[in-house]
Every structure is written in structure tokens, then in C-alpha cells.
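Okay, here's what each chain looks like letter by letter:
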Protein chains: 2
Amino acid sequence: MRVAGDNKPPLHSRLEADCHQLGRLPSGQLLLHRNAALHWFILVPDTGELDLLDLPAAERNALMSDAAMISDFLKSELHYPRVNVGALGLVVPQLHLHVVGRREDDPCWPAPVWGNLDSGAAYNPDTLLQLHAAILGP
Amino acid sequence: MRVAGDNKPPLHSRLEADCHQLGRLPSGQLLLHRNAALHWFILVPDTGELDLLDLPAAERNALMSDAAMISDFLKSELHYPRVNVGALGLVVPQLHLHVVGRREDDPCWPAPVWGNLDSGAAYNPDTLLQLHAAILGP
């Protein structure tokens, strides 16, 4: 999926391969990991910086505000009791922020998802459309 | 170490066991993981919330500002090219934010430190004092 009018940095090939591209938030692109074992969102801000904490404060705060919106959605609409958040980026050197719904019966609780989540089911296309509409509007 | 006048929430026993308590930042306590294989700071904000993205925006931004200061220190003074940041908290249910210096020759590059870092050397007490002074002042 290409978002019309999007002239922001191209997505790293690994993110493109691993994720569905849901659309745009104020701070950048919103992705969803293809592994449907749990809801694993990834925010890719419009920046050339590699590390979250190198962003100027205003950009960092805008990104965290978008992440908080996704976290609220995970908790209120998808009923996850906990949300993990992290920016690692040593394998994929494009700044991206993980926002991951976690619950005690998920496949890798209480370990982090990175490196510990086996391949899972894929999303149903209708589910993806519903998620898109619920988060980003019609 | 107890910080005089600190009436904030007590530190979780696991954080107390795993970390040196360096002192206070505006948003809360500053810890340093005892594993000296790499510089692994942990910020514990003064809150009863469990998840970073549940903090009110002002508290979240203040915490991230402190984290950015630590990240700048890791890069400019300790010469780490990259910094990982994450809030997981499924094992230790007290909100804490990891800010970790990473370099290609560290023991678990490019994997995350959580679950992948073997026991390492301990800090020399003088090194701890120097770190304290450099970050928090005399």
C-alpha cells in the first residue's frame, strides 16, 4: 500500500516485508506486524534520525503522543491489560517505535516479543480494514 | 543508598537487587544496572502507573526528557553510537524505562539486552562515583 501524497522517507525493506502499512498518523507511518498472535504496532516517524532519544523534543513528544493513542486503543478496544513500548533499531536501522499489546496468555509472556515470538497466524483482510477504520477513520 | 527527603514510591525489590541507585532526576529515580558489560540505565518515574504510555502527557514528556539527557550522556561522554530505549515491565511491575548504550562489539549486539546479556563485570566503586558526579553533579 502506498499512501497518496506521501513524500516521506521510504520504508526500510525489512519493515515493508514484516508489516502491513495501515496509514498515516501525525508523526509518521503506522504499521502493523503481520504476525497476528498479538497486536504489534510499529510507528515510523518522518525523520532521518536513528535513535528515538535523538529526536528534537517536539518530534519526540509528537511521536509519543501518537504511541499513547495506539496504546489507548490496544487497552480500551482490544482489551490488552498491558502495553510494551520500545525503540531498538539495531537490526533495522530506520527509527521505529514498537507498541505491543500484551496479556498473560500471549505466546511469549512475560518475555519481550523481539526474538521470542514464533510465527503466528496472518490477519484476515477484513480485520485489517476494521482496524484501519477504527484507528484512522473511514 | 537512600536519597534524603525522598518520599516517593519504594523501589521494587528486583530493581533494588539488580541496580545501583545513582540518585534523582526531575522525573524520578535514576538506576544503573549492576552488569557493567555495557551502560544500562533505568529511570523509575514517581508514579503508580505500570505502563509508560498510560502516563499523563506532561509526566511522559518529562520522563522522556530525562531519558534524552541520559542518552546524550551515553553518546557524548561514553561514546556509544546507539541507544536502545524500552519500557516492558511484565516481570517487574513497577514502571521503569530502560536506556541502554549499544555498540557493535557489545556482548549481545544486535539483540536486545533483555534475556540476552550474560552476567558481566561489576562496576568499580570509583567509577560509580564518577558517573554520579558526571550526570548529577557533585
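If you're wondering where the values come from, they're calculated on a predicted model, not measured in any experiment.

Q: Whenever I open this one, the overall build of chain A confuses me. Can you help?
A: Within chain A one finds three helices and five strands. In chain A, the order of α-helices and β-strands from amino to carboxyl end is α-β-β-β-α-β-β-α. Against the globule reference of 14 Å for 138 residues, chain A gives a C-alpha radius of gyration of 14 Å, in line with a compact fold. Based on the C-alpha atoms only, the size of chain A along its principal axes is roughly 35 × 30 × 25 Å. Within chain A, the fraction of its 138 residues that count as buried is 51%. Relative to all contacts within chain A whose residues are 6 or more apart in sequence, the contacts with residues 24 or more apart total 52%. Within the structure as shown, chain A displays about 6200 Å² of accessible surface, and the carbon and sulfur contribution to it stands at 52%.

Q: I tried to follow the nonpolar core on my own but got confused; where do I start?
A: For soluble globular proteins, the rule of thumb is that nonpolar side chains tend to be buried together. Grouped together as the largest cluster of nonpolar side chains are 85 residues, with contacts concentrated most on Leu52, Leu97 and Val99 of chain A together with Leu52, Leu97 and Val99 of chain B. Beyond its immediate chain neighbours, meaning those up to four positions away, leucine 97 of chain B contacts Phe41, Ile42, Leu43, Leu52, Leu63, Met64, Ala67, Val85, Gly86 and Ala87 of chain B.

Q: Can you help me understand the pattern of salt bridges in this one?
A: Pairing of side chains with opposite charge becomes possible as their charged atoms draw close. Taken as a whole, this structure holds 14 salt bridges over all chains when the rule is applied. Two residues, aspartate 54 of chain B and lysine 75 of chain A, come together in a salt bridge whose shortest N-O distance is 2.5 Å. Of the two residues, aspartate 54 of chain B sits in the loop between strand S3 (40-45) and helix H2 (57-76) while lysine 75 of chain A sits in helix H2 (residues 57-76), which places them in two different chains. For aspartate 54 of chain B, a relative accessible area of 24% puts it in the partly exposed group. The salt bridge involving aspartate 105 of chain A is made with arginine 103 of chain A; its shortest N-O contact spans 3.4 Å. Classification of aspartate 105 of chain A by relative accessible area gives exposed; the value is 62%. Via salt bridges that share partners, Asp51 and Asp54 of chain A together with Lys75 and Arg82 of chain B belong to a single interconnected network.

Q: I would appreciate a short explanation of the confidence of the model for chain A in the present structure.
A: One rule of thumb: low pLDDT means the predicted coordinates there are not for detailed reading. Residue and element names in this part refer to chain A. Confidence along chain A averages 93 in pLDDT terms, with 95% of residues attaining 70 or more. Scored below 50 in pLDDT, residues 1-6 makes eight contacts in the model with residues more than four places away or belonging to other chains. Two summary scores accompany this predicted model of the complex, namely pTM at 0.94 and ipTM at 0.93.

Q: Hey, could you run me through the side chain of threonine 47 of chain A in this one?
A: Residue and element names in this part refer to chain A. Mapped onto the elements of the fold, threonine 47 is located in the loop between strand S3 (40-45) and H2. Relative accessible area serves as the criterion here: at 16%, threonine 47 is assigned to the buried category. Within the local environment of threonine 47, its side chain forms a polar contact with the backbone nitrogen of glutamate 49, the two atoms lying 2.9 Å apart.

Q: Explain the interface of chain A and chain B to me, please; I cannot follow it from the model alone.
A: Interfaces are frequently sized by the accessible area removed from exposure as the parts join. Each partner contributes to the interface: chain A provides 31 residues, whereas chain B provides 31 residues. Together, the buried faces of chain A and chain B total about 2700 Å²; carbon and sulfur atoms form 58% of this surface. By the criterion of area lost to chain B, the three top residues of chain A are Leu53, Arg82 and Leu90 of chain A, representing 27% of everything that side buries. The salt bridge involving aspartate 51 of chain B is made with arginine 82 of chain A; its shortest N-O contact spans 2.9 Å. There are 16 residue pairs in polar contact (both at pLDDT 80 or more) connecting chain A and chain B. Secondary-structure elements contributing two or more residues to the side of chain A that touches chain B are H2, strand S4 (82-87) and strand S5 (97-102) of chain A. No other element matches H2 of chain A, which puts nine residues into the side of chain A that touches chain B. Classifying every residue of the side of chain A that touches chain B by side-chain character gives 18 nonpolar, six polar and seven charged. Sheet analysis places S4 of chain A next to strand S4 (residues 82-87) of chain B, joined by three bridges and oriented antiparallel.

Q: Sorry, what's going on with the relation of the copies chain A and chain B here?
A: For the pair of chain copies, the relating operation is a rotation around an axis with a shift along it. Superposition of chain A onto chain B requires a rotation of 180° combined with a translation of 0.0 Å along the rotation axis, giving an RMSD of 0.0 Å. In the structure described here, the two chain copies are related by an operation that fits a two-fold rotation axis. The position closest to the rotation axis in chain A is occupied by the C-alpha of glycine 86 of chain A, lying 1.9 Å away. The fraction of interface residues of chain A whose copies in chain B are also interface residues reaches 100%, indicating that both copies meet through the same surface.

Q: It is not clear to me how the packing of H2 of chain B against helix H3 (residues 125-136) of chain B should be interpreted in this structure. Could you clarify?
A: The geometry of a pair of packed helices is captured by two quantities: the angle between their axes and the separation between those axes. Residues and elements named next belong to chain B. Contact pair H2 / H3: the axes reach a minimum separation of 11 Å and the direction vectors enclose 125°. By the angle between their directions, the pair H2 and H3 is classed as oblique. Crossing geometry of H2 relative to H3 is assigned as right-handed. Note on element contacts: H3 touches H2 through Leu131, Ala134 and Ile135, opposite Met69, Ile70 and Phe73. Among the residues making up the contact of H2 with H3, the classes are represented as six nonpolar, no polar and no charged.

Basis of the calculations
- The residue numbers shown here count from 1 along each chain, following its written sequence.
- Written order determines the labels here, with chains lettered from A and ligands numbered from 1.
- Restriction of local features to residues with pLDDT of at least 70 applies here, the model being predicted, together with a cutoff of 80 or more for giving and counting side-chain atom pairs; totals for whole chains, interfaces and linings are based on all residues.
- Hydrogens and waters are ignored; side-chain quantities use all the structure's heavy atoms.
- For the purposes of this entry, the term helix denotes a DSSP run of H or I that reaches at least four residues, the term strand denotes a run of E that reaches at least two, and both are numbered from the N terminus.
- Two things to know: the radius of gyration comes from C-alpha atoms, and the globule rule equals 2.2 Å times the number of residues to the power 0.38.
- Only protein chains enter the calculation, and the probe is 1.4 Å; a residue is then buried if its accessible area is under 20% of its type maximum, exposed if over 50%, and partly exposed in between.
- Contacts are assigned to residue pairs with any non-hydrogen atoms lying within 4.5 Å of each other.
- Using the Shrake-Rupley algorithm and a 1.4 Å probe, accessible areas are obtained, with residue cover drawn only from the displayed protein chains.
- Among buried residues, those of type Ala, Val, Leu, Ile, Met, Phe, Trp, Tyr and Cys that are joined through side-chain atoms within 4.5 Å constitute a nonpolar core.
- By definition, a salt bridge exists where a carboxyl oxygen of Asp or Glu is found within 4 Å of a side-chain nitrogen of Lys or Arg.
- Every residue is assigned a pLDDT by the predictor, reflecting its confidence on a scale from 0 to 100.
- As used in this structure description, the phrase polar contact means that two N or O atoms lie within 3.5 Å; if the pair is within protein, one of them must be able to donate a hydrogen and the other to accept it, and residues adjacent in sequence are counted only when both atoms belong to side chains.
- A 1.4 Å probe defines the accessible area here, and the buried area is the portion of it lost by two parts on being joined, summed over both.
- Note that Gly is not counted as nonpolar here; it falls among the polar residues with everything else outside the nonpolar set of Ala, Val, Leu, Ile, Met, Phe, Trp, Tyr, Cys and Pro and the charged set of Asp, Glu, Lys and Arg.
- When DSSP locates at least two bridges between a pair of strands, those strands are taken to pair.
- When the copies are superposed, the least-squares fit draws on C-alpha atoms of residues that have pLDDT of at least 70 in both.
- Axis definition: a line fitted to C-alpha atoms, over the contacting stretch in the case of helices. Angles run 0 to 180 degrees between N-to-C directions.
- Oblique is the label for any angle not covered by the other classes, which are roughly parallel (under 35 degrees), roughly antiparallel (over 145) and roughly perpendicular (65 to 115).
- For any helix crossing, the convention is left-handed if the near helix is rotated counterclockwise from the far helix by under a right angle, and right-handed if that rotation is clockwise.

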